[in-house]
Number of protein chains: 2
Amino acid sequence: MVVRENFENSLQELQTKMTEMGELAISSLEKAFTAFKTQDIELALRVIEEDNEIDDLEEEINQFAIWLTVKEQPVARDLRKIIGAIKISSEIERIADFGVNIAKSAIKIGSEHSLISLTQLESMKDACINMLQKALQSFIDENIVLAKEVGDMDDVVDEYSNETYKQLTTYLSEHPEETNQLVQLLFINRYLERTADHITNIAESAAYLIKGRRYDLN
Amino acid sequence: MVVRENFENSLQELQTKMTEMGELAISSLEKAFTAFKTQDIELALRVIEEDNEIDDLEEEINQFAIWLTVKEQPVARDLRKIIGAIKISSEIERIADFGVNIAKSAIKIGSEHSLISLTQLESMKDACINMLQKALQSFIDENIVLAKEVGDMDDVVDEYSNETYKQLTTYLSEHPEETNQLVQLLFINRYLERTADHITNIAESAAYLIKGRRYDLN
């Protein structure tokens, strides 16, 4: 029983690290977005710098998960939980990379007046953050309903993204003098659409943990 | 001795799967690029469909690597090799995703006359394929010289990418009627630049295997 208890504690620790990583990714997206909206170059640089922390945490989770696998030789749901942690931390790292990309876009546009209000990007960012929280909760609580909600929200983000693409390209063909910023906004639109895809992958990992078979929530 | 031989065979099998995955990713990039250049929608659809094969192979490599870790409890270089395989297969999967993205861009532009000759994109694609072959060879042969060459080539791709970005945005501000295709070309420029980054990560995994410490080849 003590052995099992130790193992449960280790799984708990793994989840704590995942939650921490998720919070850092959310903070990266929020800060990068603010940096873009307010043309705050210093904040953008900080997002890029702080990404190292997220990379280190992913490395830590991987090492810990491998150590746990070698030590405990887990099977079934326990093994799925550990593999899930490895996969999910890799998805979170990718999401945080999009935060870095948005920060780099902020630096590229510099001090031009922001055209972000032309788009649905802010709503997309908010939806992504909400989705990420739900997806991680779904894995930790083994709650399939939350995982399915994430899949539904991905459709909403895709709709926003299509709409934003049309708005921006139409505006671009009428205002070629704004090319620089509009191209960066098109990139951000793409990053957020991909962010939602990666979060959906996290929800699929949660569904795999819970049900023991692959789900397509997309 | 027989145990060691079995383990060596298993590592060999892991590398064979990685090589296969690498070849599929290269084929995905080549086909997607041809589809874009020649406006071949059917070929583009095939690239998207065939991506499942690459995803399955990644899953197979992960399962095999975990099974091998649990069974053999490897340490030092052996463990680094197995973890390297997991990391590299995840990078290859991301690279193949860019192939899918290019294929989707091909579908989006449909039958417009190709403006790709305005750019360095073809050279970037060729450089990426060359880099990927070198990076995988570097891991398999434990050849640090090849890994460093990949890092140097990444700088070349970055230069091409900056140049292409400028060419395309300048052309775009003068030809707003071509917005649709030019935006897709800007995306492809971004995908290829990121592809080279992911290949550099593979070379860094190879360097870590060989030297036992982290290298920054970027």
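What counts as what
- Residues numbered from 1 in each chain as written.
- Chains lettered and ligands numbered in written order.
- Predicted model: local features only at pLDDT ≥ 70, side-chain atom pairs only at ≥ 80, totals over all residues.
- Heavy atoms only, no water.
- Patch = residues over 30% accessible without salt bridge, like charges linked within 9 Å, V, L, I, M, F, W, Y side chains within 5 Å.
- Areas by Shrake-Rupley, 256 points an atom, 1.4 Å probe, with all protein chains shown as cover.
- Salt bridge = Lys/Arg side-chain N within 4 Å of Asp/Glu carboxyl O.
- Helix = DSSP H or I, 4+ residues; strand = E, 2+ residues; numbered from the N terminus.
- Contact = heavy atoms within 4.5 Å.
- Buried area = accessible area lost by both parts, 1.4 Å probe.
- Polar contact = N/O pair within 3.5 Å; in protein donor to acceptor, adjacent residues only side chain to side chain.
- Nonpolar A, V, L, I, M, F, W, Y, C, P; charged D, E, K, R; others polar.
- Least-squares fit on C-alpha atoms with pLDDT ≥ 70 in both.
- Buried < 20%, exposed > 50% of the residue type's maximum accessible area, 1.4 Å probe, protein only.
- Axes fitted to C-alpha atoms, helices over the stretch in contact; angles between N-to-C directions.
- Parallel < 35°, antiparallel > 145°, perpendicular 65-115°, else oblique.
- Left-handed = near helix turned anticlockwise from the far one by under 90°.
- UniProt positions renumbered as here; feature names shortened; annotations may be inferred.
- Expected span 1.5 Å × (residues − 1).
- Phe/Tyr/Trp six-rings, centres within 6.5 Å; stacked < 30°, edge-to-face > 60°.
- Lys NZ or Arg CZ within 6 Å of the ring centre and 35° of its normal.

We now examine a nonpolar patch on the surface. Taken together, the side chains of I41, L45 and I107 of chain A define a hydrophobic patch exposed on the protein surface, amounting to about 220 Å² of accessible area. The topology assignment puts I41 of chain A in helix α2 (residues 41–72).

Across the boundary between the two partners, chain A contributes 29 residues, which contact 29 residues of chain B. Summed over both sides, the interface between chain A and chain B buries roughly 2700 Å², with carbon and sulfur atoms accounting for 56% of that surface. Where chain A meets chain B, there are eight salt bridges. Between E93 of chain A and R94 of chain B there is a salt bridge, with the nearest N and O atoms lying 3.5 Å from each other. The interface formed by chain A and chain B includes 10 residue pairs in polar contact (both at pLDDT 80 or more). When residues of the side of chain A that touches chain B are traced back to their parent elements, those giving at least two are α2, α3 (76–109), α5 (144–174) and α6 (179–211) of chain A. A per-element tally of the side of chain A that touches chain B places α6 of chain A first, with nine residues. The class makeup of the residues in the side of chain A that touches chain B is 11 nonpolar, 10 polar and eight charged.

Superposing chain A onto chain B takes a rotation of 180 degrees combined with a translation of 0.0 Å along the rotation axis, leaving an RMSD of 0.0 Å. Each copy turns onto its partner about a two-fold axis. Measuring from the rotation axis to each C-alpha of chain A, the shortest distance belongs to V70 of chain A, at 2.7 Å. Both copies share a contact surface, since 100% of the interface residues of chain A are interface residues in chain B too.

Residue and element names in this part refer to chain B. In this fold, Y208 is placed in helix α6 (residues 179–211). For Y208, a relative accessible area of 24% gives the class partly exposed. For Y208 and E142, which are 66 residues apart along the polypeptide, the C-alpha to C-alpha distance reads 9.8 Å. Ignoring sequence-local partners within four residues, the contact set of Y208 consists of R80, R213 and R214.

Quick look at the packing of helix α4 (residues 121–141) of chain B against α6 of chain B now. Residues and elements named next belong to chain B. Two elements in contact, α4 and α6, have axes whose closest approach is 9 Å; the angle formed by their N-to-C orientations is 15 degrees. In this view, α4 runs roughly parallel relative to α6, as classed from their interaxial angle. The handedness of the crossing between α4 and α6 is left-handed. The residue makeup of the contact of α4 with α6, split by class, is 18 nonpolar, five polar and two charged.

With that out of the way, let us pick up the side chain of Q15 of chain A. All names here are of chain A. Inspection of the secondary structure assignment puts Q15 in helix α1 (residues 2–38). Judged by relative accessible area, Q15 falls into the buried class, the value being 8%. Here Q15 is in contact with K81 and I140, once residues within four sequence places are set aside.

The next point concerns the pattern of salt bridges. Taken as a whole and assessed by the stated rule, the structure comprises 36 salt bridges over all chains. Counted as one network, the salt bridges with shared partners bring together E30, K37, E122, K125 and D126 of chain A.

So, on to the UniProt feature "domain: PhoU" (unreviewed entry) in chain A. The feature "domain: PhoU" (unreviewed entry), as annotated in UniProt, sits at residues 19–105 and 121–205 of chain A in this numbering. A helix fraction of 94% and a strand fraction of 0% characterise residues 19–105 of chain A, whose end C-alpha atoms lie 27 Å from each other.

Residue and element names in this part refer to chain A. With 21 residues, helix α4 (residues 121–141) extends 30 Å from end C-alpha to end C-alpha; this agrees with the ideal 30 Å at 1.5 Å per step. Among the residues of α4, L121, M124, K125, A127, C128, I129, M131, L132, A135, L136, S138 and F139 are the ones counted as buried. In this structure, the buried residues of α4 make contact with α1, α3, α5 and α6.

All right, on to the packing of aromatic side chains then. If you walk through the whole model with that rule in mind, you get seven aromatic pairs over all chains. Cluster of aromatic residues (ring-pair linked, three or more members): F98, F187 and Y191 of chain A together with F98, F187 and Y191 of chain B. In this arrangement the basic side chain of R80 of chain B is found over the ring face of Y208 of chain B, its NZ or CZ atom lying 5.9 Å from the centre. Over the face of the ring belonging to F139 of chain B we find K81 of chain B, whose NZ or CZ atom lies 5.4 Å from the ring centre.

Moving on, we get to unusual backbone geometry. Both trends apply: most residues other than glycine have a negative phi, and most peptide bonds are in trans. Residue and element names in this part refer to chain B. A positive phi angle, close to 50 degrees, is found at Q39, a residue other than glycine. Within the secondary structure, Q39 is located in the loop between α1 (2–38) and α2 (41–72). Under the relative-accessibility criterion, Q39 is labelled partly exposed at 21%. The phi dihedral of E142 is positive, around 50 degrees, even though this residue is not glycine. Looking at the element boundaries, E142 is found in the loop between α4 and α5 (144–174).

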